[in-house]
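Each chain, written out:
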Amino acid sequence: TSPENTSPPPERTELTLPEEDAPGRDLDGLPRYPGSVRTGYERGRDEGLEKIRIDYLSREGPNAVRAFYRGIFASEDWRVANVEVAGGGWVFLAVSGEREAIVAIEPQGSGSEIKIELTEPLRKKTTAVERPEQEAPPQPAPAPQPAPQPAPQPVPVPDDDYYEGGDDWDDAGEGAGYDD
């Protein structure tokens, strides 16, 4: 007869989550598992790359967390390049453009520990010399000003002799075709 294993399966201890997140920030396009708590955050640079590592704890088991991240990979345009399964945990290598992420989901007591390592090229910072000149916002054209008017000149008044002499009032002369 074969010996029987009479020892009970290892108990999963109840996972206690911290009350507050550790300092740091979550990632754009690779969110934390809902209800998880951030337990670690590191950010650094190496050989032209920015590297961010974030650790979370969740009360949910690895299968629920794995399903969540599978959905995130699909909805946020991450391509899963590799998956490893070991000891009840999952490790994904996912790529989105120039960003690479390793998402490790491991059993932790009755819940999960989630470790995300993101690597992406450093963003080039523009200096004052490299910044394109900013154009001043267009200014409204000044309202047209009326052209200066010459000062009124006095109208010469003909003297009394002007109307004598038989000329027509129109000064066109006799026989110019106008009625007198």
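One can find the structure itself at the top, above this paragraph.
Keep in mind it's a predicted model, so treat the numbers as computed, not measured. (Residues numbered from 1 in each chain as written. Predicted model: local features only at pLDDT ≥ 70, side-chain atom pairs only at ≥ 80, totals over all residues. Heavy atoms only, no water.)

## Describing the overall build of the protein chain
Part 1 of the argument: Tallying secondary structure elements over the protein chain gives one helix and six strands in all.
Part 2 of the argument: Secondary structure elements of the protein chain, listed N to C terminal, follow the sequence β-β-α-β-β-β-β.
Part 3 of the argument: Counting every position in the protein chain, which comprises 180 residues, the buried fraction comes to 24%.
Part 4 of the argument: Summarising the internal contacts of the protein chain: among those between residues at least 6 apart in sequence, 46% fall at separations of at least 24. (Helix = DSSP H or I, 4+ residues; strand = E, 2+ residues; numbered from the N terminus. Buried < 20%, exposed > 50% of the residue type's maximum accessible area, 1.4 Å probe, protein only. Contact = heavy atoms within 4.5 Å.)

## So, helix H1 (residues 62–75)
Part 1 of the argument: The terminal C-alpha atoms of H1, which comprises 14 residues, lie 20 Å apart, in line with the 20 Å expected from a rise of 1.5 Å per residue.
Part 2 of the argument: Those residues of H1 that sit buried are Pro62, Val65, Tyr69, Ile72 and Phe73. For H1, the angular spread of buried residues about the axis comes to 100°, placing them on one side. Exposed side of H1, more than 90 degrees from the buried face: Asn63, Ala74 and Ser75 are the residues found there.
Part 3 of the argument: Where the residues of H1 are buried, they touch strand E2 (49–58), strand E3 (79–86), strand E4 (89–96), strand E5 (99–108) and strand E6 (111–121).
Part 4 of the argument: At the exit of H1 stands aspartate 77, carrying a positive phi of roughly 60°. (Expected span 1.5 Å × (residues − 1). Arc of directions from axis to C-beta.)

## Let's talk about the side chain of arginine 38
Part 1 of the argument: The topology assignment puts arginine 38 in strand E1 (residues 37–46).
Part 2 of the argument: There is a polar contact of 2.8 Å between the side chain of arginine 38 and the side chain of aspartate 26.
Part 3 of the argument: In this structure arginine 38 touches Glu20, Asp21, Ala22, Pro23, Gly24, Arg25, Asp26, Arg32, Ile54, Asp55 and Tyr56, once residues within four positions along its chain are discounted. (Polar contact = N/O pair within 3.5 Å; in protein donor to acceptor, adjacent residues only side chain to side chain.)

## Quick notes on the side chain of glutamate 50
Part 1 of the argument: With respect to the helices, strands and loops of the structure, glutamate 50 is situated in strand E2.
Part 2 of the argument: Once residues within four sequence positions are removed from consideration, glutamate 50 is found in contact with Arg43, Gly44, Leu118, Thr119, Glu120, Pro121, Leu122 and Arg123.

## A look at the pattern of salt bridges
Part 1 of the argument: What the rule picks out here adds up to nine salt bridges.
Part 2 of the argument: Lysine 51 is the partner of aspartate 46 in a salt bridge, and the nearest nitrogen-oxygen pair spans 3.5 Å.
Part 3 of the argument: Where arginine 53 meets glutamate 117, a salt bridge forms, and the shortest distance between an N and an O atom there is 3.8 Å. On the criterion of sequence distance, the pair formed by arginine 53 in strand E2 and glutamate 117 in strand E6 is long-range, its members being 64 residues apart.
Part 4 of the argument: Taking relative accessible area as the criterion, arginine 53 reaches 27% and is therefore assigned partly exposed.
Part 5 of the argument: The class for glutamate 117 is partly exposed, based on a relative accessible area of 36%.
Part 6 of the argument: Linked by salt bridges that have partners in common, Asp21, Asp26, Arg32 and Arg38 make up one network. (Salt bridge = Lys/Arg side-chain N within 4 Å of Asp/Glu carboxyl O.)

## A look at the nonpolar core
Part 1 of the argument: Counting 20 residues, the largest nonpolar core has Leu30, Tyr69, Phe73, Val103 and Ile116 as the members making the most contacts within it.
Part 2 of the argument: Of all the secondary structure elements, the ones that give two or more residues to this core are E2, H1, E4, E5 and E6.
Part 3 of the argument: With four residues, H1 is the single largest residue contributor to this core.
Part 4 of the argument: In this structure, leucine 30 is in contact with Tyr69, Ile72, Phe73, Trp78, Ala101, Val103 and Ile116, ignoring residues within four places of it in sequence. (Core = buried A, V, L, I, M, F, W, Y, C linked by side-chain atoms within 4.5 Å.)

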